[in-house]
Amino acid sequence: MPDGTTFDADDWYKDELVRVLPTGLALGLGWDVQQFGYGQPHFNLVRVQDTIEGFIDNPDYDPNCDDNSEDKDPPTEPPLDETSIGVFISRDPNDILGPQGFGEQQWISANSPLNYTIRFENDPQLATAPAQLVKITQKLDSDLDFRTFRVGDFGFGDTFIDVPDNRAFYQTRLDLVTEKGIYVDVFAGIDIAKGEAFWEFRSIDPTTGEQPSDPLLGFLPPNLTKPEGDGFVSYSIRPHHDIATGDVIDAEATIIFDINEPIDTPAIFNTIDAGKPTSTVATLPEVSDSAEFTVRWSGNDDANGSAIANYTIYVAENGGEFTPWLENTTLTQATFIDTPGSSYQFYAVARDNAGNVQDLPTSAQAVTTIAGGNNPPVLINPIGIQVVAEDSSWSLTLSEEIFQDNDEGEILTYTAINADGSELPNWLSFEAETRTFSG
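Here the structure is a predicted model, which is why all the values come from computation and not from measurement.

Definitions and limits used
Residues numbered from 1 in each chain as written. Predicted model: local features only at pLDDT ≥ 70, side-chain atom pairs only at ≥ 80, totals over all residues. Heavy atoms only, no water. Helix = DSSP H or I, 4+ residues; strand = E, 2+ residues; numbered from the N terminus. Buried < 20%, exposed > 50% of the residue type's maximum accessible area, 1.4 Å probe, protein only. Contact = heavy atoms within 4.5 Å. Areas by Shrake-Rupley, 256 points an atom, 1.4 Å probe, with all protein chains shown as cover. Salt bridge = Lys/Arg side-chain N within 4 Å of Asp/Glu carboxyl O. Pairing = 2+ DSSP bridges. pLDDT = per-residue confidence, 0-100. Phe/Tyr/Trp six-rings, centres within 6.5 Å; stacked < 30°, edge-to-face > 60°. Axes fitted to C-alpha atoms, helices over the stretch in contact; angles between N-to-C directions. Core = buried A, V, L, I, M, F, W, Y, C linked by side-chain atoms within 4.5 Å. Polar contact = N/O pair within 3.5 Å; in protein donor to acceptor, adjacent residues only side chain to side chain.

Here we come to the overall build of the chain. A tally of helices and strands in the chain yields 1 helix and 33 strands. Residues counted as buried form 38% of the 439 residues belonging to the chain. Put simply, of all contacts in the chain between residues at least 6 apart along the chain, 65% involve residues at least 24 apart. A total of about 25,000 Å² of accessible surface is found on the chain, and carbon and sulfur atoms cover 49% of it.

Within the structure shown, the criterion is met by 8 salt bridges. The partner of D145 in a salt bridge is R147, with the nearest N and O atoms 3.0 Å apart. Taking relative accessible area as the criterion, D145 reaches 10% and is therefore assigned buried.

Within strand β16 (residues 230–239), 7 of the 10 residues are buried, leaving the element largely enclosed by the surrounding structure. Of the strand pairs in this sheet, strand β9 (residues 114–121) and β16 are connected by 8 bridges, and their pairing is antiparallel. Bridge pairing links E121 to D230 in β16. Alignment of strand β11 (residues 144–156) against β16, held across 7 bridges, turns out to be antiparallel. Residue F156 lies in a different strand from β16, and its bridge partner there is G231.

Before going further, it helps to examine the sheet that holds strand β19 (residues 263–264). Spatially, β13-β14-β15-β10-β18-β19 is the arrangement adopted by the 6 strands of the open sheet, whose pairing is antiparallel. A single partner strand is all that each edge strand has here, and the edge strands are β13 (170–176) and β19. Bridge analysis of strand β14 (residues 182–191) against strand β15 (residues 196–204) gives 9 bridges, and the strand direction is antiparallel. Across the sheet, the residue bridging to V186 is F201, located in β15.

The omega angle of the peptide bond from K226 to P227 is 5°, so this bond is cis rather than trans. Note that P227 resides in the loop between β15 and β16. Of note in the backbone geometry, Q106 takes a positive phi value of approximately 50° without being a glycine. Within the secondary structure, Q106 is located in the loop between β7 (94–97) and β8 (107–109). Notably, D391 is not glycine yet its phi reads approximately 65°, a positive angle. As for its position among the elements, D391 is in the loop between β29 (378–379) and β30 (395–397).

For the rest of this paragraph, the subject is the confidence of the model for the chain. Overall, the predicted model of the chain reaches an average pLDDT of 82, with 77% of residues at or above 70. Low pLDDT (under 50) marks residues 1–63, which in the prediction has 148 contacts with non-local residues, meaning those over four places away or in another chain. Note on residues 65–69: pLDDT under 50 across the span, and 8 contacts to partners over four residues away in sequence or across chains.

Strand β27 (residues 343–352) sits mainly inside the fold: 7 of its 10 residues count as buried. The pairing of β27 with strand β28 (residues 366–370) spans 4 bridges and is antiparallel. Along β28, the bridge assignment pairs F346 with A366.

A few words now on the environment of T159. Here T159 shows up in strand β12 (residues 159–161). Spatially, the C-alpha atoms of T159 and G231 are 9.0 Å apart, while their sequence positions differ by 72 residues. Among all residues touching T159, those that are not within four sequence positions of it are F154, L174 and L176.

By the definition in use, this model includes 23 aromatic pairs. Seen in terms of ring centroids, F201 and F219 are 5.7 Å apart; in terms of plane orientation they differ by 20°. Their pairing is stacked. Placement of F201 in strand β15 and of F219 in the loop between β15 and β16 is noted, with a sequence separation of 18 residues between them. Looking at F219, the relative accessible area reads 0%, which means it is buried.

Moving on: the sheet that holds β9. Here 5 strands make up an open sheet; going across it, the order is β7-β9-β16-β11-β12 and the pairing antiparallel. Among the strands making up the open sheet, the edge pair consists of β7 and β12. The average undirected angle you get between the axes of adjacent strands in this sheet is 20°.

As a further point, take the nonpolar core. In terms of nonpolar packing, the biggest core is built from 41 residues, with W199 and F201 touching the most fellow members. Among all residues touching F201, those that are not within four sequence positions of it are F120, Q132, L133, V134, I136, F154, F156, V184, D185, V186, F219 and V233. Y311, I313, A334 and A366 belong to the second largest nonpolar core, which has 16 residues in total.

The next thing to look at is the side chain of S306. Position of S306 among the secondary structure elements: in the loop between β23 (292–300) and β24 (308–317). A relative accessible area of 5% means that S306 is categorised as buried. Side chain to side chain, S306 and D273 meet in a polar contact 2.8 Å long. Ignoring any residue separated from it by four or fewer positions in sequence, one finds S306 in contact with F102, W107, D273, D301, D352, N353 and A354.

With that settled, the discussion passes to the environment of P206. Residue placement: P206 occurs in the loop between β15 and β16. Between the alpha carbons of P206 and V177 there is a distance of 7.5 Å; along the sequence they are 29 residues apart. Setting aside residues no more than four positions away along its own chain, P206 makes contact with V177, G181, I182 and Y183.

Shown next, in the form of structure tokens:
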């Protein structure tokens, strides 16, 4: 019957669909004893929290009554007893979980997939029957690249489905005949044109291939004992390649249980930080006379971004590999304890609060040498391979620029040995004062 229908207490009506309107006072319609499919209505004023629908369950209906007969006049005597309405409903509280962002603006990076989970439950306080059909839709934010949508895992109760990776669409039939007496058909994917993700869970009666007519057959019972009435779906998606810092991604899903009204999840959002931070180590003196010195650094995040969270400071000693000195520090200066006579190179790498990390510098940002100590000379001009004809004389004088000594005021002395550390062969000699090989 249509919403807003009014009744006369003396009228007689056929079986009708009963509907109780949304929150507020509503008219509850009941039927008395029926003959030939007719019954006299009685009324109750009820208060409801949400919309419910169902058919009247009349235990006093006479199955021997010929409803197909031509004689369908209403009974002449008023009914003796009233019957009750049996309405079976499923109910759904729900939410959506998204990327865990930083701060009140929920800052996240634009460079990683965004993972979402939509959760639903057949509310044990309100539901009186299992859900047979659950439909979930989500209008995706226009700042997302719909082509990167991927269906994630899903489940309900103690059923968990591990969806294969990289699926934009997925469908399957779950055989729950033994456990619940039904199949469950699952469809999930995205409508690119609409920018809408969707999931559908439909209970199937194995004897008819259709949705069960028995309202007590369904895949998601009231959640009396968790997690029997809990369910979830998940997906991942990436932002558009041209998304900018400060753009906001909103997320809100809609869930429908059976013939209930759609329910929207609470809305969530994230703010994008699309740029990488930068940082540098302040210039150091070329030579330091102190056994320890202060290293300073600073940085900047993308304009109006999430701000720098921390720095990692790298150091290399005497031309070796760079290794972390301070990791994920919020400091902007620290004291470095050195070794006299050594040289040190530094660079900084910043990370912002959205997780963006600065590109690794290609060279040192600050260099210094510590006075004192004794550093080994450095070979800067190798002499290369020398070829000599057999039984001919040969000599070679080394240039003073073959080696470089970083220690001021020191004089280099020279010796010569074989590469394996053994002495030179008898036919070859080396004069240290003139740096000359002969043989």
